[in-house]
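Chain by chain, the residues run as shown.
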Amino acid sequence: MDGTAVAAGPPTRDENSENFPVASRLIPAAQRPKVLAFYRFVRTADDIADHATLNSTEKLARLEAMELLLDDPAGPLAEVGTEEARLMLSAFRQDAVRPRYPDWAALEDYCARSADPVGRMLLRLHGEDDAAARHASDGLCTALQILNHLQDLVPDRQAMDRIYLPVPWMALAGGEDAFFARDNAARRAVLDAALDRVEALLEQAAPLPRLLRSRLRFQAAVTLDLGWRLLAKLRAADPVAGRVGLGKVDFGKAFARLALPPPSDAAVVTARVTRAKSSFARGMAVLKGERRRALFAVYGFCRAVDDIADGAMPEGEKRRFLAAWRSKLEAPDCALSAELAWARRTFALPIEECEAMIAGMETDATPALRLRTETELDEYCRRVAGSVGAMAVRIFGAPGAQGFGLALGRTFQLVNILRDVDEDAGIDRVYVPADLLARHGVTATTPAAIVAHPGFARSCEELAHRAAAGFARADQELREHDPAALKPARVMMWGYRQIFDRMQAQGFAHPRTRPRLTRGEKLRMALLAMKP
């Protein structure tokens, strides 16, 4: 008996219509029938759990009958093994009774039972017993499962009244009904925050093809490539507005990619930096070889924790993900944390600077953020910018310039704060400290009232004077250090100065225009980076 007697109807999909390869010819012929037997069993069970008209009691009864099949020594998975299928049945039972999720941890727990066992089964059949491979496989399977959930937000809700995106996340877009409203612009930020978590999982999965010894590595490589492609598509389009999926061209490109070696951890981090399209990258472009690789790792880390702090997710989730990064510093578990660990070893980067960056992001994770004193502002700048400066000068080859790096980092952060005052107010953050505001007569508490007050402009002017002094000090200290080694800092100084000069020219009175580098200035930075 193979489960068809208790099936809810014909299969809704087969192995040829899934998002990702099931039992492709990339794996040995002897294993394909076992993989297909496993797939067909769990497809039957999944279809029971997802059936639109069966009630919960009927679903649970049929799933219990499916589990009894696993107890039969001659059952459908006798040649495959049943441990992973039993785990998946526990997830399908949950599907029968749970329509909503309270937080990301609950979703991860579901994926650990509904998706990760597939990868574990494939590893077992191919004799792959490495713990690192299992960890990478779990990341890949969970990532693919969440991508499918995000693809199917609308059909899952319409057909089964089931939503996997946690309820508190949707609340940040106005609640469930508002989240699914077609014209709700707030939905994009929530989707992007969820996709950031998927990106982290794909970075966890990145080493998998390099860790496997069997032919399974080829299917793993294709599947991982398709995961990255679907992630990019969901970043570019709205799955609530219409179906977002992979096409034949995507599959063709993923299979063609097998002609190349699997991407290294460094390549994965370089891709992250490239996608960020940051002006900071123009300074990094000055460096070559290991120095560039190390600075990319530091930047990728900073970007990852900053995306957590700024993401449209509940505060508790942000703090959990930032705490996870503290653990990653001690025990790297993904491409990005592995590259950061390599950079720390190679250039003697203090772990305390990475911890300081995380502490700064924990400040940013605070709802309705207000800095009370100028001392708090200095501490914040030391954490989020001084840490970068202290690590960067070591990577540049000028470890004796730490004081310069700390001071320049603080100056850059003051420019960032002044540039982004209105954008930050829009997300209920005010970095200009309350004691400075009070000296200029600003006693309002709401961000909109604070940034519109005439005294706010005077407070900004005071901070601008400090930034100007910081640039002057940096010019002086550059003469005391190796100018060639600090060329990346000089390139970034040039770009920041253009923005700062533009702010000073327009003043800080409300309303303000956020200054940006022009295309010509970006080209100039690129040319400065190329000059010997």
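Here the structure is a predicted model, which means the values were calculated and not measured. (Residues numbered from 1 in each chain as written. Predicted model: local features only at pLDDT ≥ 70, side-chain atom pairs only at ≥ 80, totals over all residues. Heavy atoms only, no water.)

## Considering a nonpolar patch on the surface
Taken together, the side chains of Leu523, Leu527 and Met530 present a nonpolar region at the surface, about 330 Å² in accessible area. For Leu527, a relative accessible area of 42% puts it in the partly exposed group. (Patch = residues over 30% accessible without salt bridge, like charges linked within 9 Å, V, L, I, M, F, W, Y side chains within 5 Å. Areas by Shrake-Rupley, 256 points an atom, 1.4 Å probe, with all protein chains shown as cover. Salt bridge = Lys/Arg side-chain N within 4 Å of Asp/Glu carboxyl O. Buried < 20%, exposed > 50% of the residue type's maximum accessible area, 1.4 Å probe, protein only.)

## Digging into the nonpolar core
Membership of the largest hydrophobic core comes to 170 residues, with the highest contact counts inside it found for Leu165, Phe179 and Phe404. With 12 residues, helix H16 (residues 289–310) is the largest single contributor of residues to this core. Setting aside its immediate chain neighbours within four residues, Phe179 contacts Leu153, Leu165, Met170, Ala173, Asn184, Arg187, Val190, Leu191 and Val240. (Core = buried A, V, L, I, M, F, W, Y, C linked by side-chain atoms within 4.5 Å. Helix = DSSP H or I, 4+ residues; strand = E, 2+ residues; numbered from the N terminus. Contact = heavy atoms within 4.5 Å.)

## Focus on the packing of helix H14 (residues 265–276) against helix H18 (residues 335–347)
When two helices pack together, their arrangement is given by the angle between the helix axes and by the axis-to-axis distance. Where H14 meets H18, the axes come as close as 9 Å, and the angle between the chain directions of the two elements is 105°. Overall, the two elements H14 and H18 adopt an arrangement that is roughly perpendicular. Note on element contacts: H18 touches H14 through Ala335, Leu336, Ala338 and Glu339, opposite Asp265, Ala266, Val268, Val269 and Arg272. Looking at side-chain class alone, the contact of H14 with H18 contains six nonpolar, no polar and three charged residues. (Axes fitted to C-alpha atoms, helices over the stretch in contact; angles between N-to-C directions. Parallel < 35°, antiparallel > 145°, perpendicular 65-115°, else oblique. Nonpolar A, V, L, I, M, F, W, Y, C, P; charged D, E, K, R; others polar.)

## Re the side chain of Glu353
As for its placement among the helices and strands, Glu353 is situated in helix H19 (residues 351–364). In this structure Glu353 touches Arg382, Gly386, Ser387, Ala390 and Met391, once residues within four positions along its chain are discounted.

## Digging into unusual backbone geometry
Note: most peptide bonds trans; most residues except glycine with negative phi. With an omega of 0°, the peptide bond between His510 and Pro511 qualifies as cis. Following the sequence through the fold, Pro511 ends up in the loop between helix H26 (487–506) and helix H27 (519–530). Even without being a glycine, Ala348 presents a positive backbone phi close to 55°. Relative to the assigned elements, Ala348 resides in the loop between H18 and H19.

## Here's the deal with the pattern of salt bridges
In a structure, side chains of opposite charge can pair up when their charged atoms sit close to one another. What the rule picks out here adds up to 52 salt bridges. Note that Arg100 is salt-bridged to Glu176, the shortest N-O span being 3.0 Å. Of this pair, Arg100 sits in the loop between helix H3 (83–97) and helix H4 (104–114) while Glu176 sits in helix H9 (residues 176–179), and the two are 76 residues apart along the sequence. The partner of Arg120 in a salt bridge is Asp138, and the shortest N-O contact between them spans 2.6 Å. On the criterion of sequence distance, the pair formed by Arg120 in helix H5 (residues 116–125) and Asp138 in helix H6 (residues 131–151) is long-range, its members being 18 residues apart. It is possible to trace a salt-bridge network through shared partners that takes in Arg188, Asp192, Asp196, Glu199, Glu203, Arg235, Arg272 and Arg275.

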